[in-house]
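Structural features, examined
Spelled out from the first residue to the last, the chains are:
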Amino acid sequence: MKLYLYGIVDSSDRIKEAIDGLRGSRVYSIPYCDIGVVVSEIDQVTQGVTQGCVLEHEAVVEKLMADFTVLPMRFRTLVDGRDNLLAMMQSYYRDFKGNLERLRNKSEFGVKVIWPADKVKENIVNRLRSDQPETSGPRRSAGTRFMKEKFERYRIDEEFQTRADQFIKAMDIFLGKFAVEKRLEKLKTEKLLLDAAYLVEKSQACDFREAFWHIKSAHPGFKFLLSGPWPAYNFVGLSKHDPARDAEQANLFAEVARSQDLVGADGV
Amino acid sequence: MIAHAIVETDSPDEFAEQIEKSQDALPAKIDANPENVEKGLAKLVLTLIELIRQLLEKQAIRRVEAGSLSEEEVERVGETLMKLENKMAQLKELLGLKDEDLNLNLGPLGDLM
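Residues numbered from 1 in each chain as written. Chains lettered and ligands numbered in written order. Predicted model: local features only at pLDDT ≥ 70, side-chain atom pairs only at ≥ 80, totals over all residues. Heavy atoms only, no water.

**Let's talk about the overall build of chain B**
For chain B, the helix and strand inventory stands at 3 helices and 1 strand. The order of α-helices and β-strands along chain B, N terminus first, is β-α-α-α. For chain B, with 113 residues in total, the buried portion stands at 22%. When contacts within chain B are restricted to residue pairs at least 6 apart in sequence, those whose partners lie at least 24 apart make up 67%. (Helix = DSSP H or I, 4+ residues; strand = E, 2+ residues; numbered from the N terminus. Buried < 20%, exposed > 50% of the residue type's maximum accessible area, 1.4 Å probe, protein only. Contact = heavy atoms within 4.5 Å.)

**Some points on the overall build of chain A**
Across its full length, chain A carries 6 helices and 8 strands. Helices (α) and strands (β) of chain A occur, in sequence order from the N terminus, as β-β-β-α-β-α-β-α-α-β-β-α-β-α. A burial count over chain A gives 47% of its 268 residues as buried. For chain A, the proportion of contacts with a sequence separation of at least 24, taken over those separated by at least 6, is 75%. Summed over its atoms, the accessible surface of chain A is roughly 14,000 Å², and 50% of this surface lies on carbon and sulfur atoms. (Areas by Shrake-Rupley, 256 points an atom, 1.4 Å probe, with all protein chains shown as cover.)

**What about the pairing of strand E4 (residues 70-79) of chain A?**
Residues and elements named next belong to chain A. Across the 10 residues that make up E4, a large majority, 9, are buried. In this structure, strand E1 (residues 2-9) lies alongside E4, joined through 6 bridges in antiparallel fashion. Within E4, the position partnered with Tyr-4 by the bridge is Leu-78. (Pairing = 2+ DSSP bridges.)

**Focus on the environment of Asp-131 of chain A**
Relative to the elements of secondary structure, Asp-131 of chain A occurs in helix H3 (residues 117-131). On a C-alpha basis, the gap between Asp-131 of chain A and Thr-50 of chain A in space is 53 Å, while along the polypeptide they are 81 residues apart.

**So, a nonpolar patch on the surface**
Taken together, the side chains of Leu-41, Leu-44, Val-45, Leu-48 and Ile-49 of chain B define a hydrophobic patch exposed on the protein surface, amounting to about 410 Å² of accessible area. Locating Ile-49 of chain B in the fold gives a position in helix H2 (residues 37-66). (Patch = residues over 30% accessible without salt bridge, like charges linked within 9 Å, V, L, I, M, F, W, Y side chains within 5 Å. Salt bridge = Lys/Arg side-chain N within 4 Å of Asp/Glu carboxyl O.)

**Here's the deal with the sheet that holds E4 of chain A**
All names here are of chain A. On the basis of which strands lie adjacent, the open sheet formed by 4 strands has the order E2-E3-E1-E4 and antiparallel pairing. Edge strands, defined here as strands with exactly one partner in the open sheet, are strand E2 (28-32) and E4. Strand-to-strand twist across the sheet, computed as the mean angle between neighbouring axes with direction ignored, equals 25°. Strands E1, strand E3 (35-42) and E4 of the sheet are contacted by helix H1 (residues 51-65), whose axis makes an angle of about 145° with E4. Of the strands in this sheet, E1, E2, E3 and E4 touch helix H2 (residues 81-103), which is tilted by about 155° from E4. (Axes fitted to C-alpha atoms, helices over the stretch in contact; angles between N-to-C directions.)

**Quick word on unusual backbone geometry**
Residues and elements named next belong to chain A. Residues Gly-228 and Pro-229 are joined by a peptide bond in cis, for which omega reads 5°. For Pro-229, the location among the structural elements is in strand E8 (residues 223-230). Here Leu-187, not a glycine, exhibits a phi torsion of approximately 45°, which is positive. Note that Leu-187 resides in the loop between strand E6 (181-186) and strand E7 (192-201).

**Examining the confidence of the model for chain B**
In this model, chain B carries a mean pLDDT of 82, and residues with pLDDT of at least 70 account for 81%. Highest mean pLDDT in chain B belongs to helix H3 (residues 71-95) of chain B (92); lowest belongs to helix H1 (residues 12-24) of chain B (85). (pLDDT = per-residue confidence, 0-100.)

**Some details on the interface of chain A and chain B**
It is common to give the size of an interface as the accessible area that goes away when the parts come together. Each partner contributes to the interface: chain A provides 35 residues, whereas chain B provides 32 residues. Summing the contributions of chain A and of chain B, the shared interface buries around 3,100 Å²; its carbon and sulfur component is 66%. On the chain A side of the contact with chain B, Phe-146, Met-147 and Tyr-154 of chain A bury the most area, a combined 19% of that side's loss. At the junction of chain A with chain B, the criterion picks out 5 salt bridges. Applying the counting criterion to the chain A and chain B interface returns 13 residue pairs in polar contact (both at pLDDT 80 or more). Of all elements in the fold, only H1, strand E5 (106-114), helix H4 (142-176), helix H5 (205-218) and E8 of chain A reach the threshold of two or more residues within the side of chain A that touches chain B. A breakdown of the residues in the side of chain A that touches chain B according to their chemical character gives 18 nonpolar, 6 polar and 11 charged. (Buried area = accessible area lost by both parts, 1.4 Å probe. Polar contact = N/O pair within 3.5 Å; in protein donor to acceptor, adjacent residues only side chain to side chain. Nonpolar A, V, L, I, M, F, W, Y, C, P; charged D, E, K, R; others polar.)

**Side note on the packing of aromatic side chains**
Considering all chains together, one arrives at 11 aromatic pairs over all chains under this definition. Through successive ring pairs, a cluster of aromatic residues spans Trp-115, Phe-160, Phe-167 and Phe-222 of chain A. (Phe/Tyr/Trp six-rings, centres within 6.5 Å; stacked < 30°, edge-to-face > 60°.)

**A look at the domain arrangement of chain A**
Residue and element names in this part refer to chain A. The domain architecture assigned to chain A consists of domain 1 (2-104 + 240-263) and domain 2 (108-230). Facing the 5 residues of domain 1 at the interface are 5 residues of domain 2. Interface of domain 1 and domain 2: buried area, both sides summed, is about 420 Å²; carbon and sulfur atoms make up 51% of it. Where domain 1 packs against domain 2, one counts 1 salt bridge. Across the pair Arg-102 and Glu-181 runs a salt bridge, and its minimum N-O distance is 2.6 Å. Summed over the shared surface of domain 1 and domain 2, the result is 1 residue pair in polar contact (both at pLDDT 80 or more). Residue assignment for the side of domain 1 that touches domain 2 shows that the elements contributing at least two residues are H1 and H2. The element that contributes the greatest number of residues to the side of domain 1 that touches domain 2 is H1, accounting for 3 residues. Looking at side-chain class alone, the side of domain 1 that touches domain 2 contains 2 nonpolar, no polar and 3 charged residues. (Domains from an automatic or database assignment.)

Here's what the structure looks like:
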């Protein structure tokens with residue numbers, strides 16, 4: 001019997017509310033010291049990653065969020081039996097505890113921004129051309145022409161990156177004020193200017209949302225997406241101080257990974 | 001089904017397209033089997049050559065920017081890089097690879113290029 005993990009919670013108490021897990025399985029908590037790991041029992045995971053499964057997992061984690069601080073587990077995290085689970089809890093206890101304290105009363109918001117990349121590039125090209133008008137110099141040979149084209153493209157890219165940095169900085173000044181931690185990713189695609197996760201105190205969530213709408217109205221040519229509050233998927237980290245403990249933890253991670261491989265599980 | 005989280009946007013399709021694009025860049029797993037092992041190896045080798053080619057190109061551009069190359073040197077470097085780029089294009093076509101195929105996911109370090 002495998003245990004499907006939904007998250008680590010900051011209490012060893014039983015879950016009071018009846019929660020349905022993946023494929024209708026019963027969700028319950030296994031206590032370890034003063035924290036707990038929320039699981040359901042599962043025979044085998046045969047189906048691929050479907051939207052339904054991901055939403056079922058997410059719904060469990062969000063229900064837990066109502067009563068506990070939760071460290072959400074990656075979708076399709078499986079452990080082979082209770083003994084392996086408790087061994088994992090023992091090894092990671094200090095990390096789990098530290099993360100639970102750090103994330104107490106906080107949730108994650110996602111912000112994505114699409115900018116008019118084509119217009120930005122066109123604007124840059126026009127500006128560079130006006131700075132350096134074409135001169136009718138001697139005819140260039142192929143190698144020199146090639147280098148000139150590359151150099152111009154390089155300058156356009158540099159300017160494109162600089163403008164992206166400027167926009168992100170301006171947006172982050174507003175949003176960052178209401179966040180305790182953040183993860184910003186710039187230009188994952190040419191159009192996707194910003195893909196950000198902000199960790200926000202629950203008491204600041206309204207202010208954060210207000211700041212978002214303020215930025216949105218100040219950038220009419222841009223497209224915005226705000227999502228949340230989510231469990232803090234992007235802000236759970238494990239410490240790496242003790243090499244001996246790291247090696248031990250690496251083995252346990254491998255155990256978890258192996259158990260995932262056995263059932264053909266993928267991470268999301 | 002989701003209890004609390006809300007997604008708010010005026011352009012859901014456009015965001016879905018961009019998110020898909022950013023995730024589609026690389027497969028989650030290496031697709032290695034007896035039928036495509038040669039192509040997989042060729043892809044890996046070409047990726048490394050492409051990385052070196054891009055590094056050479058950037059170095060040359062920096063030197064042009066700094067003005068440390070004579071006209072003859074710019075011509076020679078330009079011709080070499082141009083030939084290298086053409087050869088890479090031929091190899092990619094021969095092996096049925098696209099520009100976006102020539103990359104490696106280095107896990108927490110991100111993509112190679």
